[in-house]
Amino acid sequence: MINVEEQKRKVCKCIDEHREEIMNIGEKIFTNPELGFKEEKTAKLIKETFEKMGIKYKDKLALTGIKATIPGRKKSPCVAVLGEMDAVISPDHPYANKKTGAAHACGHHTMIANLLGIGFGLIDSGVMEYLDGSVALFAVPAEEYIEIEYRKKLVQEGKIKYLGGKQELIRLGEFDNIDMAIMSHAAPNTPNKVVSTNISMNGFIGKIVRYIGKGSHAGAAPEKGINALSAAMLGLQAVNSLRETFKDEDCIRFHPIITKGGAGVNTVPSDVRIESYVRAKNMNILIETNQKINRALEAGAMAIGCNIEIEDIPGYLPMISSDTMTKIFSDNASKIIGGKNVNKKHLHFAGSSDMGDITQIIPGIQPFRGGFK
């Protein structure tokens, strides 16, 4: 009979022995940020590390994803440890890519470092021979829901069907053999060694809105035009008038940007486009709120006499944490960093993640960990 605590210490010791290598990998990813479905350099580095560990992997999953499996005494249950590869667009970040604006402002590079550290620990310690189950180390692409037009082009080309990486991997069947999933996220502006384990997050619906008016000379003949920008402004104001009806406990968010405001100052705007998310804590409220927002946006078009096209795009489902997995993670974290540094209270974040889609189909958790300024 094995001593479980002794095996855990062996795993941690093996991870510590690879400390510099793990940190260097994280640093390389941090200084070479790539956007979703384009994470070629990151994927190459991960594959090289898996090869060094001597574990088999599948690559090019959802274009850039990589899945390595470490077998135990049995194939199942299979626990997936996930790490996200993509960066966000943050051109003012000191380490942003000057051409793309990509930057690891969300800490995904630490997820991959964590993923590979776990791999070193499980392989070098030899612990897997004692475990009735397997571990999948899964580097996943495109969590950040950005560059919508680019991703829609990938859909049109038949390269993907869903705009989020984990959604696409679910469609491809890559989670069919996974029984539970865990992914830890960097907590922003949290320099101390603390962990929050009981996390939930909003779901969202993506939205592309187009107001279609009629162009005319803005100075000489504005009366002959139909101003799509005015319609868009009225529509957004109508949504703002709805905000007092949103309940605080539903964590509703609507945050639009105008991506096209017209063709030129001298022309009555005839083609105005808006992108946004509608977010909420649960799907019923999300669907209901989305309908209310669409009605308000349509009212702006009606007032000015424009046409309007609203495209609702599947976003991410709300994230829920497995109580059982949360307890196990909390107990183990308490042994490493002390119970007083483990926050077990439920925390809800108004942001969203495609980890929500995973937690809706299998047990999963996404603890937030400190250590980051």
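All values reported here derive from a predicted model rather than from experimental measurement. (Residues numbered from 1 in each chain as written. Predicted model: local features only at pLDDT ≥ 70, side-chain atom pairs only at ≥ 80, totals over all residues. Heavy atoms only, no water.)

1. Side note on the layout of surface pockets
What the second largest pocket holds in volume is close to 360 Å³. What lines the second largest pocket is a set of 17 residues, and nearest its centre among them are C106, E144, M201, G351 and S352. (1 Å grid on protein atoms, 1.4 Å probe; cavity = no way out; pocket = protein on both sides within 12 Å on 5 of 7 lines; lining within 4 Å. Points joined across faces, edges and corners; volume = space filled by probe spheres on them.)

2. Comments concerning the sheet that holds strand β9 (residues 195–196)
Strands belonging to one sheet form pairs held by backbone hydrogen bonds; the direction of such a pair is parallel or antiparallel. Judged by pairing direction, the sheet is mixed, and its 4 strands sit side by side in the order β8-β19-β9-β16 without closing on themselves. For this open sheet the edge positions go to β8 (185–186) and β16 (342–343), each flanked by a neighbour on one side alone. With 2 bridges connecting them, β8 and strand β19 (residues 368–369) associate as parallel partners. The residue bridging A186 from the neighbouring strand is R369, located in β19. (Pairing = 2+ DSSP bridges. Helix = DSSP H or I, 4+ residues; strand = E, 2+ residues; numbered from the N terminus.)

3. Some thoughts on the nonpolar core
Proteins that are soluble and globular tend to have nonpolar side chains buried together. Counting 34 residues, the largest nonpolar core has L82, Y145 and F175 as the members making the most contacts within it. Contributing elements (two or more residues each) for this core: β3 (78–84), β6 (134–140), α5 (148–156), β10 (199–201), β11 (203–212), β15 (307–316) and α10 (355–359). What Y145 contacts, discounting residues up to four positions off in sequence, is R151, L163, F204, Y277, I313, P314, G315 and Y316. Membership of the second largest hydrophobic core comes to 29 residues, among which are I29, L45, V81 and I182. (Core = buried A, V, L, I, M, F, W, Y, C linked by side-chain atoms within 4.5 Å. Buried < 20%, exposed > 50% of the residue type's maximum accessible area, 1.4 Å probe, protein only. Contact = heavy atoms within 4.5 Å.)

4. Quick look at α5
Turning to α5, its buried residues are I148, R151, K152 and L154. Mapping the buried residues of α5 onto a view down its axis gives an arc of 150°, with all of them on the same face. For α5, the secondary structure elements touched by its buried residues are β11, β14 (271–280) and β15. Two residues or fewer past α5, G158 is found with a positive phi of approximately 80°. (Arc of directions from axis to C-beta.)

5. Quick notes on unusual backbone geometry
Of the consecutive residues S76 and P77, the connecting peptide bond is found in the cis state with omega at 0°. Considering the arrangement of structural elements, one finds P77 in the loop between β2 (65–70) and β3. The phi torsion at A62 lies on the positive side, around 55°, for a residue other than glycine. Among the structural elements, A62 can be located in the loop between β1 (57–61) and β2. Not every positive phi belongs to a glycine, and E147 is a case in point at roughly 50°. By relative accessible area, E147 is classed as partly exposed at 23%.

6. Some thoughts on the pattern of salt bridges
Counted by the stated rule, this structure contains 23 salt bridges. Two residues, R73 and D132, come together in a salt bridge whose shortest N-O distance is 2.9 Å. With a gap of 59 residues between them, R73 in the loop between β2 and β3 and D132 in the loop between α4 (108–125) and β6 connect regions that are remote in the sequence. Overall, R73 belongs to the exposed group, its relative accessible area being 53%. Note that K152 and E311 form a salt bridge whose closest N and O atoms lie 2.8 Å from each other. (Salt bridge = Lys/Arg side-chain N within 4 Å of Asp/Glu carboxyl O.)

So, to be careful, I would describe these as geometric facts and stop short of saying anything about function.
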